[in-house]
Each structure stands twice: as C-alpha cells, then as structure tokens.
Amino acid sequence: MSEQTVRVELPLILPGVPGSDDACIERLRTQMPKLRGILDAHVVRESGREIGLLCIHYDGDMVSLREVQQAASRTGAELEARYGHTVVRIRAIGGEDVARRIEGRLGRMDGVVSASVSLPAQAARVEFEASRMDEERIREALKEMGYEVDGDSDRTPSRRVGEWTSQGGWLRGLREHRELSLSLLAGLALALAWTGARWFGLPKPIELALYLGSYLLGAWDLVRHWVGALRKGEVAFDIDLLMLVAALGAAALGAWAEGGFLLFLFSLAHALEHMALDRARGAIRALADLAPATARVLRDGEMLDVPVEEVRPGEWVVVRPAERIPVDGSVQKGRSSVNQAPITGESMPVEKEVGDEVHAGTVNGEGALHIQVTRAAGDRTLDRVIKLVEEAQTKKAPTERFTDRFTAVFVPIVLGVAVVLAIGPPALGFWSWGTGFYRAMALLVAASPCALAIGTPSAVLAGIAQAARNGILVKGGVHLERLGAVEALAMDKTGTLTVGHPEVTELSPHEGASREELLVIGAAVERNSQHPLAKAVVRRATSEALDLPEAGELTSLTARGVRSSVGGLTVEIGSLRLWEEAKVAVPDALRSEVNRLAADGQSVMAVRHGERWLGVIGLSDQPRAGATAILSEIRNLGIKTIVMMTGDNRGVAEAVARGVGIDEVMAELLPEQKVEGVRELLERHGSVAMVGDGVNDAPALATATVGIAMGGAGTAAALETADIALMGDDLAGIPFAIGLSRMTRRIIRQNLLISLSVIGSLILATTTGIFGIGLAVVVHEGSTLLVVGNALRILRYGPDQE
C-alpha cells in the first residue's frame, strides 16, 4: 500500500455551506472513507482559508490523485444537491416553550433534518433535504402554525406605545400591537365585570358576558396556537396548557375574576416581554440599516444613483462628506477620516487614503472618497456579520438546553401532581373537593416555568446584541457562556500583542558620529529596499522630517546586509557577520552595543560610511499602545494566567513579555506546537481562550475552549475561523468581551435562581392554601418580567462596569 494525501478546498467542494460548523462538512468527512481507495478524511485549518481544507488520505496503488479529487467533488455535489439551509425570522406569540413546539412541528416535517428555534431571537434555523423540502414550504408551515414570517407584515414590533398617535392613530397602533391590544382589552372587560358587579349592580348575564369576553381576549393566542397543534395531532403539554387549564378550572369553580385575572396578566406579561426583547433584537436589526440602500456609481462618465444590490466589484463609488459608505472597497482617490465604530467598535475615526480598505456601514468624514468596489452586496463584511449574528441567535447555550429539557419533563409532572392534589386529599378527607380542585388550579399557575424558560435565552440574546453593537461578533450562546468561565488566556504575539511590524527603538551613534547622521545615512540607503526592517528605518526618518541624500545602486548581501553609496563613499548596513567575513575589525564598543541590543530581543543593524562607523540601529515589533493596562484589566476580570504563544525566537518573545506583563512565554512554536500548548493549558486550567489573528493561529483557535480572532472586519477568514471575532484591531475588545460574557453568565445564574426560587415558593404557598390563584398569578408573572428586565441590563454593559 502506498499511502498519500491531498488537500482540497472545502468551499470548492461545498460552495453553499454557511460556515465551518455546517453538518454537511461532517457528512463529507465521514462519507469519503467509504469510497474505494480512500483511507481517511479530516478537516484542517490553514492560513488564508475561510472554512478550511479537506485532507484526504488514500492508497496510491488503488486510485489516482485525479480520481480522488473527482470523488471528492462528486460527493460534495451530491451533498449540495441533497441538503439545504435557511434561517427564517418569525413573529411567535405565546408561552416561552412555543419554541420547542415549533421545533417539534418542523422536525416532524418530511424532509427536515434539524430545526433550532429561539423564541427571544424570533428566528428558526432549519436544515432540510432539498429533494423533499424547500424554504418556501418551511415558511408556509410556520404560517399554518399561526406565526408571521419575515416579509409578511410591515409591522414594526419595536415601536413604542407612546408613538402610536404620531404613527397613524390608535387603530393602526392596535393592529400593529395585536398581542398587547388583546391583553389590554381583556383587562378592560375584566375590570368592567368586576367593578360593575361589586359596586353598580351589574346584571348577572352582562357580568358573565364580560368575563367570557375577558377570557376570550386574554386566551386568544394561547388557544389559537394550542388548538392548531391539537388539530394536527400534536398534544402539547406545555406552559400554555397549564395556564388554560388553571383558568378553566377557576371558571368551573365560579372564580371568574381570578381566572380572568390569570389570563389578563399572563397575556400582558408576554406582550411586555416581547416588547422588551424587541430592544435586544432591535440592536441586531439596526445592523441591517447601517448601509445605504443606494450607491453613487460612476458609469460611462456619469454619476448614477444605483440600488446597492446592482453594484458590481470593480465599479467606482463616490461617497461625499458625512455620508455612510454603501460598499466594501479600497480608496482610489481622496482622503478622509472614517468613523468605523458601527462595524469595528473603534471610538476614534481612522484616516483613510489611497489604497486603504473601507467597509459598508461606516461613516465618511469631511473629505470625498472615490472607492473601487471589492465585494458585491451580500458578500460585504456587514452582510457576513448580519448573517452570522442571525445564525448565532438560534444556537442555544448549554444552560438554555438544560432549561428546555427541564421544562419538557417538568410540565407533564406538574399536570400529574395537580390531578393527584385535586383527588387525593379530598378522597382522604383532608379538605373538600372544591378546595382540592382550587389548589390544584393554583398549583398549575405556581409551577408554570415561564421565568425559567425565558431567563436564559433573553440573557443570551441581549449579550449577543450588546456585543454586536460594540464590534464583537459572538457566534452563539455556547461561546458566550464558555468565555465567561475561562481561567486562562493564550495570546499570539505578532499582530495581537504587538503592532505586527518593526519600528526603530534605539539609535546608538558610535564615537564621532551623531544620532541624526546615523539615521540619515541609514534611511538614504534603506529607502531603496523593500525589507520590513528597511521600511521601519525610512518611516523613522520621515517622521522626523529629515532630508535624505541620494544613494547609489543597492546591492543585497544575502543573510548579511546591504551595500550602497552616499556622497561618493561606500555605505554598508547589516549584521557584524558582514565585516567579520571580510576581515574588517569591529570596534569593541560597537560590538558590545550590538550584543546589548540583541540580548534585549531587538533586531540590530550596524552602519558604516566609508571608513567611519556611524553606530547601531535597534528595531523591534513594539507592543500595542496600552497593552500593559489592558492585560491588567483582563486579570482583574478573573483570568488567572496569561500566556504568550509565538513562533518568534525566545529572546524577542521574552522582551515583549517583560514589557507588557505576560505570565508565561511559549516561543519558537510551529502551528501544531501552538495546539499542543493550548492542550497543555486545558489540562492545567480546564478552560482556555485563545486570541489570534484568525488565520495563522486557526488550529490553536479551534482547539481552545473559545477562539477569539482580532481584526475580523479586515478578513473573511477571521469571521469564519473563531468562535468570537473582534471586528476592530484593538486589544481593548478582549476585556470588553470577557467582561460582557461574565456579566451574561452572572445574569443567567441569577435568573435561574430567581425562577427556581419563585417556583418552589409558589408551589409551597399554593398547595398549603397560603396563596390563591390571584396572588400566585401576580408573583408568577412578576418573576417572568423580572428575569427579562434583569437580562436587559446586559444592553447597558460598558467597560466601566467591571
């Protein structure tokens, strides 16, 4: 057997996959080894790849490379043709466990592979077999269940009650806020019935009619959804059923007011919850409004306003001062400062000139810009962010999955206990049948886990929304929760802790030479070189506004330095090896200075002009501004160990680590050794976050508990590789992300404690007769609103809160 390997780009095999965690990638990986001659297949990350590569091991004696590639393409095409994916935004009204009902209904549809629904996010993520199902049928199924699907209504759920009169009058407001309107009308009917009977002698038939109206209005959506499910043969033992049974039980006992009060508060609480959660959804919906709908395009010498969807890569777009930029592209003409905060979260505008990249949704400053489009609408950074955030909302956090499982088991148990409570004690003579039935109904209210069901997803939604508002893309609640629990942080050096390019750090003139002469002669020669160190010397001379003389032709001396001439005299710049090999004596003082700078982790250039030694230039990749303070802030958030991982030499790494306050240094690492370093930290600390550039550090990012990529706005790979992407190239985003995740995790725990405590207390109070249905309803719905309000505190999170 002759085992060989080949790597194939996954986007070429599966061009329609939405991301690196798509199930079709795993299907491809598992199906390939079933083919003749294929030994194994696995996914690998590599620099510059958005999704990754499929590494295929095959027996070269059985199949050729071409046959393997054809087999991969054929298998990928089959999977592409077989499976489809969609995210549909919905307007679901009802109890929090309605998400499980929708998931169950969609999951039982012929052709649907998986469905995940987030009620707070109002989104359904569905994978389906394309031959048996399509997106339109999924949308139709949601409509049949009674839910509005995006695009079916021009309602603006986030509009405030106070705006009704200025937006078309009360009638339009009632239509647009049907859930709240029905609840308020139910409350009005209840109030009329109760006050009329108590103080105004209202006739019994009218009182009963008003109560029935209150019941009908308060339970309209609950009954409509539950009956719709029942007609399809779906028995939904959920929170809605508990409320309906309790209300009907109260009516059977003649406690019409208590039953009506239950339905009124239940529907009102849900209406207020949905309006409150619209605040969090609004933060995400606002992303779609960042970019203008049209662009000013230069075509055939004319300036035309064109819908942004019709603008193609390569075309030129003109953006006037103070306008939002509608496209991703590079500046071809003009100069201006651009406010990138909507995309990257950067607080200060960034100067843009010819050659610089700009992103759709950012705001131009005072100068006009001519931009050449690099990405069409749909592929812009903003579009990818919106898509990933929408998908993230449907990916449930571990705590959310726990509460889903808990409520699915808990609700049927409560129904069973209520039956026992209604029959057992009266049969044994402990209390009357009426008392038993009443307490059973009160138990249904008390044990309804509304707050438990909504507490976690509302916190996760608010966390994802607040992160997106501040230029941080979190790809799901699971990553938000996990980041809040990490105890160790691993960070790449180059481009993460440091600025990513060398700068002149020391100018050490030799005897008889001046600092300025050293820099002028060095920069005059090095401006003819493209080496990064040479560019750093020229930048330093330019920043000091020095006049540089003309230098002669540059000769590169491999691994030693360069040679040129200035003023008729030879100039040599490089390492001491350049002169040692030529048997030229190097002054001891200069040699000592070279050794000192090298020991400090700096790259060193010695400069000689004619027969004179001008001195030594020290260069290094400098730590980012404020890195020390930011790392201190990260420690204050509870991170116990901060480790630098770099492929650079240990001397350089140690120097940077000392400068910023790193705890440990792992240097001279290959990418696979960084993976081993992360695994070692996982063994020591249990959970580790890895911060890198999202490309070169991809294997380590994937191995860590949470992978954080910096500079996501500049590279699609960063958006796809990591669990969390900092859209801006700013270290300050790291403590913000950690602090936000810690706050979200605290809120989730608080909401769990509140909801479980209320449920336990109410069960005890209702079964012992301390609380009746009315008081149980007030406490129950109050706790639901309390956990939602607690979750919305995340939307006010800022760095100063930690």
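Cut-offs used in this document
Residues numbered from 1 in each chain as written. Predicted model: local features only at pLDDT ≥ 70, side-chain atom pairs only at ≥ 80, totals over all residues. Heavy atoms only, no water. Helix = DSSP H or I, 4+ residues; strand = E, 2+ residues; numbered from the N terminus. Expected span 1.5 Å × (residues − 1). Buried < 20%, exposed > 50% of the residue type's maximum accessible area, 1.4 Å probe, protein only. Contact = heavy atoms within 4.5 Å. Core = buried A, V, L, I, M, F, W, Y, C linked by side-chain atoms within 4.5 Å. Pairing = 2+ DSSP bridges. Axes fitted to C-alpha atoms, helices over the stretch in contact; angles between N-to-C directions. Salt bridge = Lys/Arg side-chain N within 4 Å of Asp/Glu carboxyl O. Parallel < 35°, antiparallel > 145°, perpendicular 65-115°, else oblique. Nonpolar A, V, L, I, M, F, W, Y, C, P; charged D, E, K, R; others polar. Phe/Tyr/Trp six-rings, centres within 6.5 Å; stacked < 30°, edge-to-face > 60°. Lys NZ or Arg CZ within 6 Å of the ring centre and 35° of its normal. Polar contact = N/O pair within 3.5 Å; in protein donor to acceptor, adjacent residues only side chain to side chain.

Digging into helix α18 (residues 515–526)
Thought 1: The terminal C-alpha atoms of α18, which comprises twelve residues, lie 16 Å apart, in line with the 16 Å expected from a rise of 1.5 Å per residue.
Thought 2: In terms of burial, α18 is largely enclosed, as nine of its twelve residues are buried.
Thought 3: Turning to α18, its buried residues are L518, L519, V520, I521, G522, A523, A524, V525 and E526.
Thought 4: Taken together, the buried residues of α18 touch β19 (498–509), α19 (532–543), β21 (561–566), β22 (569–574), β23 (603–609) and β24 (612–623).

Remarks on the nonpolar core
Thought 1: Counting 56 residues, the largest nonpolar core has L483, M491, I634, I662 and I734 as its most contacted members.
Thought 2: When sequence neighbours within four positions are dropped, the list of residues in contact with I662 reads L497, L631, R635, I642, V643, M644 and A657.
Thought 3: Listed in part, the 42 residues of the second largest apolar core include F264, A442, V445 and V777.

Description of the sheet that holds strand β3 (residues 53–59)
Thought 1: The strand order across the open sheet built from three strands is β1-β3-β2, with neighbouring strands paired in antiparallel fashion. Looking at the sheet topology across the chains shown, the edges are occupied by β1 (3–9) and β2 (38–44). With strand direction ignored, the average angle separating the axes of adjacent strands in the sheet is 20 degrees.
Thought 2: As defined by bridge partners, β2 adjoins β3 across six bridges and the pair is classed as antiparallel. Note on β3: the bridge partner recorded for V44 is L53.
Thought 3: Lying over the sheet, helix α3 (residues 65–82) contacts β1, β2 and β3, oriented at roughly 135 degrees with respect to β3.

Some details on the pattern of salt bridges
Thought 1: Summed over all chains, the structure comprises 31 salt bridges.
Thought 2: Among the salt bridges present, the one from E580 reaches R591, with a minimum N-O distance of 2.8 Å. In this pair, E580 sits in helix α20 (residues 577–580) while R591 sits in helix α21 (residues 588–599), placing the two residues eleven residues apart along the sequence.
Thought 3: A salt bridge links D663 to R635; its shortest N-O distance comes to 3.0 Å. You can see D663 sitting in the loop between α23 (650–660) and β26 (664–666) and its partner R635 sitting in helix α22 (residues 627–636), a full 28 residues away along the chain.
Thought 4: Residue classification places R635 among the partly exposed residues on the basis of a relative accessible area of 28%.
Thought 5: Connected through salt bridges with shared partners, the residues R82, D110, E129 and R132 form a single ionic network.

Brief notes about the pairing of strand β18 (residues 488–492)
Thought 1: In terms of residue burial, β18 counts as a mostly covered element, since five of its five residues are buried.
Thought 2: Here β18 shows two buried faces, one formed by A488, A490 and D492 and the other by L489 and M491.
Thought 3: Judged from the five bridges that link them, β18 and strand β25 (residues 641–645) form a sheet pairing that is parallel. Residue M491 lies in a different strand from β25, and its bridge partner there is M644.

A look at the packing of α22 against helix α27 (residues 733–767)
Thought 1: α27 packs onto α22 with a crossing angle of 10 degrees between their chain directions and a minimal axis gap of 9 Å. In this view, α22 runs roughly parallel relative to α27, as classed from their interaxial angle. Every residue of α27 that contacts α22 at I630, E633 and I634 is listed here: I734, P735 and I738.
Thought 2: For the contact of α22 with α27, a count of residues per class yields five nonpolar, no polar and one charged.

Focus: the sheet that holds strand β27 (residues 688–692)
Thought 1: Taken together, seven strands build an open sheet; the order of strands is β17-β29-β28-β27-β18-β25-β26 and the sheet is mixed. Strands at the two margins of the open sheet, each flanked by one partner only, are β17 (472–474) and β26. Looking at each pair of strands side by side, their axes are set apart by 20 degrees on average, direction ignored.
Thought 2: When β25 meets β26, the two strands line up parallel, connected through three bridges.

Focus on the packing of aromatic side chains
Ring pairs (aromatic) are described by centroid distance and by the angle formed between their planes.
Thought 1: One pass over the structure, following the stated rule, counts four aromatic pairs.
Thought 2: Between W579 and W613, the ring centres sit 4.9 Å apart and the planes meet at 65 degrees, which makes this aromatic pair edge-to-face. Pair noted here: W579 is in helix α20 and W613 is in strand β24, with a separation of 34 residues, a long-range link. W613 matches W579 in its accessibility class, with the two residues each being buried.
Thought 3: Note that R27 overlies the ring of Y83, its terminal NZ or CZ placed 3.8 Å from the centroid.

Notes on the packing of helix α14 (residues 433–447) against α27
Between two packed helices, the angle of one axis relative to the other and the distance separating the axes together describe the packing.
Thought 1: Look at α14 against α27: their axes get within 8 Å of each other, and the N-to-C directions meet at 175 degrees. On the basis of the axis angle, α14 is roughly antiparallel to α27. Residues R439, A442, L443, A446 and A447 of α14 touch α27, and the partners they reach there are I759, L762, I763, T766 and T767.
Thought 2: Partitioning the contact of α14 with α27 into residue classes produces seven nonpolar, two polar and one charged.

Focus: the environment of T75
Thought 1: Position of T75 among the secondary structure elements: in helix α3.
Thought 2: Relative accessible area serves as the criterion here: at 5%, T75 is assigned to the buried category.
Thought 3: The sequence separation of T75 and L35 amounts to 40 residues, and the corresponding C-alpha distance is 9.7 Å.
Thought 4: Those residues within four positions of T75 in sequence are excluded, and the remaining contacts are L28, Q31, M32 and L35.
Thought 5: Polar side-chain contacts of T75 include one of 2.8 Å to the backbone oxygen of A71.

Re the pairing of strand β11 (residues 328–333)
Thought 1: Sheet analysis places β11 next to strand β16 (residues 369–375), joined by five bridges and oriented antiparallel. Among the inter-strand pairings, G329 is bridged to a residue of β16, identified as V373.
Thought 2: The sheet contact formed by β11 and strand β14 (residues 357–358) spans two bridges and is antiparallel. Each bridged residue has a counterpart across the sheet, and for S330 the counterpart in β14 is E357.

Some words on the environment of I770
Thought 1: Mapped onto the elements of the fold, I770 is located in the loop between α27 and α28 (773–792).
Thought 2: In this structure the C-alpha to C-alpha distance between I770 and R439, which are 331 residues apart in sequence, comes to 10.0 Å.

Digging into the environment of S632
Thought 1: Mapping S632 onto the fold places it in helix α22.
Thought 2: A relative accessible area of 35% places S632 in the partly exposed class.
Thought 3: It is 8.1 Å that separates the C-alpha atoms of S632 and G661, two residues lying 29 residues apart in sequence.

Note that all results are geometric; they support no functional claim without further evidence.
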